[in-house]
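Survey of secondary and tertiary structure
Here is how the chains run, residue by residue.
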Amino acid sequence: MAGSRLPRQLFLQGVAAVFLFAFASLYTQIPGLYGTEGILPARRSLRPQGKGRWQQLWEVPTLLWEAPLLGLDTAQGLELLSLLGTLLALGTLLLRQLRHQLIYLLLWATYLSACQVGQVFLYFQWDSLLLETGFLAVLVAPLRKPPQGGLTGASPHEGLPFWLVRWLLFRLMFASGVVKLTSRCPAWWGLTALTYHYETQCLPTPASWFAHHLPVWLHKLSVVATFLIEIAMPPLFFAPARRLRLAAFYSQVLLQVLIIITGNYNFFNLLTLVLTTSLLDDKHLAAQSGHSHRKKTPASRPKAVVALVLELTVYELLAYGTVHYFGLEFDWKQYTVHSRTSECQLGAQGQGLAHPSSHPLPSTAFTFHQFSQWLKTVTLPTMWMGVASLAWELLTALWRWTQVRGGLRKLSAAAQLSIFGTATVSLFTISLVPYSYMEPSTHGRLWTGAHRLFGTVEHLQLANSYGLFRRMTGLGGRPEVVLEGSYDGHHWMEIEFMYKPGNVSRPPPVVAPHQPRLDWQMWFAALGPHTHSPWFTSLVLCLLQGKEPVIRLIQNDVSRYPFHKQPPTFVRAQRYKYWFSQPGEQGQWWRRQWVEEFFPSVSLGDPTLDMLLRQFGLQDKSPHRVRSSNNTLSQALHWVRRQLSPLEAPTLLWGLILTVGAIRVIQALLGHRPSRSSPPAREEKHRPAPKDSGAVPAPNNSSSGTQTSRRRK
């Protein structure tokens, strides 16, 4: 089996890059979200409860408890952590020497600390996914500097934590596919979800408009392909044939790249692509980089034939199952695709109007009841599939340990294998609990010890449940909240955000990998009444008070904010429905229609506003203690903020990306610069080792010797 040295290095670099984006994006929004004049000040969520220091740290694990020791308040401490996280991630991305377990532990602990005070603005699935992935990176990262070439010196345990990355990718994708059907969403069951998705997602891109106007039959096929990639392909992550694993890898990459093109999902899709590195191996990456010179031997040909037959069988089963179970019928004359599943499900079960068994379906489709029974049947076997795959990894690691030479090295390798093996098995056991949430009966039958272990560390977010795009929203039009301000209560001006839809003539922006967290929460708020989003009342209060940090979340260039000279006297919010414009409508990207009032007109001192603030506990009864600004660290933080505040967050993040790219190009050029002393060094490198040294011979030794002899000539 091919090694995983190169994929692990790729994974560690990818995790560092995602941490870089996450910390830098969060840093730009801290004053408006969590500052003393922010929407949800961080100090309110971090108040001592009179408990012991270590108990307090365990229950609320955040380094921000120590901010007062540095003379900083909670928001300033959060800024410091974000800056340190950005610098650490940047250094780790550029310097191989920093890809150490301690560095990744600091990155994970820093982001966990931020999430503890992040409240609703850091309650996204990708934040949990980053924490879980970051902790796995702690285990994957080497304790010592890895050898420069070959597998000599590799520790036997190195593949174990990396297997957990593959298991995490399986849980993420399989659960995301399953919940689309268990939610009984009529759009997913009717294969029409993508006819709404591009238009109704949180932050579309310009490409979303073009994707939205693709033929309906192509949208339906795309939904079927989504189910195929998210439900049928993930079990192939553990296939014994490596080409099946590579096929699964490229299918996942295709899906994530298409999502990146048609939607602004911050760092989520990049993080998913990082997880897919667990499906690669050294042989594939070496072949892609042109360093693979291995030739097939006659003995390997029967094995290749068996693998090819297995692959073709799997592909035929996938193709047949897709057409059969979705009841696909292709009308080549009309260029349309019909699905008997969609026709029956939308008629009754998709709307929950009838019992699943009351409408018998043809053999070429399946009902919700049939899918539920299938899910109940396969959930436990997928867990045993994970157990079997992990057992194989453990046996492989044990065999590698037996090959270690030297008493001290063998003892050290045994200790590391015991520690990392125990950690891997423990994390796998913990992950079974959130994984089983998608099937309640299996969850109830799970080993009680796993439940207890998960409950102990649940607050550390070492394992989480996932299920993206569970239901398709906005089937009758995209709901959008539009804020308005006025000085007299009669003439109103709209308050336009930088990123979310507002002005119908403005094209959708490209903001990834930045996540404008206020814009995202505005999208969620539009799905229900404002009382379901208590923070919205605080946002209205901040606008009435003219709080500049909050205004910068809406318009980074304050001069573009309609009330930058004087705060509005009144603020209200309206709910609209938005649709993409039709082809041919010049200068229009959207159409919209007023629906209802979302938030009533209020002013400072308004009884309605005060009642809502009291109801949601947003009135701060304990006044903020102003800390001395003479603190050197505090002054440094203010200076950094002044230098970076003129930059919009996407500009800052893309500047970091270009900087990293330029430095990596320079590193590559310097690393390949020819040196006069290199030929003698290479000759020393290719000299044969003494027979009694016990060294493992390097691969392709004969060819190396031939090249050396040619140089001597």
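Source: prediction; values computed, not measured.

This part takes up the overall build of the protein. Across its full length, the protein carries 28 helices and six strands. Burial analysis of the protein (713 residues in total) assigns 50% to the buried set. Residue pairs in contact within the protein that sit at least 24 positions apart in sequence constitute 76% of those at least 6 positions apart. Total accessible area on the protein is roughly 34600 Å²; 62% of this is exposed by carbon and sulfur atoms.

Moving on to the environment of K376. Secondary-structure assignment places K376 in helix α17 (residues 368–402). K376 gets classed as partly exposed once you look at its relative accessible area, which sits at 35%. As for K376 and P440, which are separated by 64 residues in sequence, their C-alpha atoms are 8.7 Å apart. If we skip the residues at most four places from it in the chain, K376 touches E439, S441 and T442.

Along its 21 residues, helix α4 (residues 74–94) runs 30 Å from first to last C-alpha, staying within 8% of the 30 Å computed at 1.5 Å per residue. Counting buried positions along α4 yields 17 of 21 residues, so the element is predominantly enclosed. The N-cap of α4, judged by a side-chain oxygen 3.2 Å from the amide nitrogen of A75 a few residues on, is D73.

Moving on to the sheet that holds strand β5 (residues 570–580). With respect to topology, four strands assemble into an open sheet ordered β4-β3-β5-β6, the strand pairing being antiparallel. Both outer strands of the open sheet, β4 (492–495) and β6 (590–602), are each paired with one neighbouring strand and no more. For this sheet, the mean inter-axis angle between neighbouring strands, taken without regard to orientation, is 35°. Across four bridges, strand β3 (residues 478–486) lies against β4 in antiparallel orientation. Paired with L483 across the strands is I495, a residue of β4.

Note that R144 resides in the loop between α6 (125–140) and α7 (159–182). Sequence spacing of R144 and H100 is 44 residues, and the spatial spacing of their C-alpha atoms is 7.2 Å.

For the rest of this paragraph, the subject is the pairing of β5. Across the 11 residues of β5, nine count as buried, placing the element largely inside the fold. The pairing of β3 with β5 spans nine bridges and is classified as antiparallel. Looking across to β5, one finds that E480 is bridged to Y576. Bridge count for β5 against β6 is nine bridges, and the pairing is antiparallel. Among the inter-strand pairings, W579 is bridged to a residue of β6, identified as R591.

Residues L254, V257, L258 and I261 make up a contiguous nonpolar surface patch of about 340 Å² in total accessible area. Overall, the relative accessible area of 49% leaves L254 in the partly exposed class.

On inspection of all chains with the given rule, the structure shows 17 salt bridges. The shortest N-O distance in the salt bridge between K51 and E59 comes to 2.6 Å. Taking relative accessible area as the criterion, K51 reaches 40% and is therefore assigned partly exposed. The structure contains a network of salt bridges with shared partners spanning R5, R8 and E158.

Any two packed helices are characterised by the angle at which their axes cross and by the distance between the axes. Packing of helix α1 (residues 5–27) against helix α26 (residues 649–671) brings their axes to within 10 Å, and their N-to-C directions diverge by 150°. As far as their axial angle goes, α26 and α1 are roughly antiparallel. Once α1 is placed against α26, the crossing between them reads as right-handed. Of the residues in α26, those in contact with Q13, L20, F21, A24 and S25 of α1 are L653, L656, I657, V660 and R664.

According to the stated counting rule, one finds 45 aromatic pairs in the structure shown. Measuring from ring centre to ring centre gives 5.9 Å for Y578 and W590, while their planes differ by 75°; the resulting arrangement is edge-to-face. Here Y578, found in strand β5, pairs with W590, found in strand β6; they are 12 residues apart in sequence, far enough to count as distant. Looking at Y578, the relative accessible area reads 0%, which means it is buried. By relative accessible area, W590 is classed as buried at 2%. Taken together, F124, W126, Y265, F268, F469, W520, W523 and F524 form an aromatic cluster joined through their ring pairs.

Conventions and cut-offs
- Residues numbered from 1 in each chain as written.
- Predicted model: local features only at pLDDT ≥ 70, side-chain atom pairs only at ≥ 80, totals over all residues.
- Heavy atoms only, no water.
- Helix = DSSP H or I, 4+ residues; strand = E, 2+ residues; numbered from the N terminus.
- Buried < 20%, exposed > 50% of the residue type's maximum accessible area, 1.4 Å probe, protein only.
- Contact = heavy atoms within 4.5 Å.
- Areas by Shrake-Rupley, 256 points an atom, 1.4 Å probe, with all protein chains shown as cover.
- Expected span 1.5 Å × (residues − 1).
- Polar contact = N/O pair within 3.5 Å; in protein donor to acceptor, adjacent residues only side chain to side chain.
- Pairing = 2+ DSSP bridges.
- Axes fitted to C-alpha atoms, helices over the stretch in contact; angles between N-to-C directions.
- Patch = residues over 30% accessible without salt bridge, like charges linked within 9 Å, V, L, I, M, F, W, Y side chains within 5 Å.
- Salt bridge = Lys/Arg side-chain N within 4 Å of Asp/Glu carboxyl O.
- Parallel < 35°, antiparallel > 145°, perpendicular 65-115°, else oblique.
- Left-handed = near helix turned anticlockwise from the far one by under 90°.
- Phe/Tyr/Trp six-rings, centres within 6.5 Å; stacked < 30°, edge-to-face > 60°.

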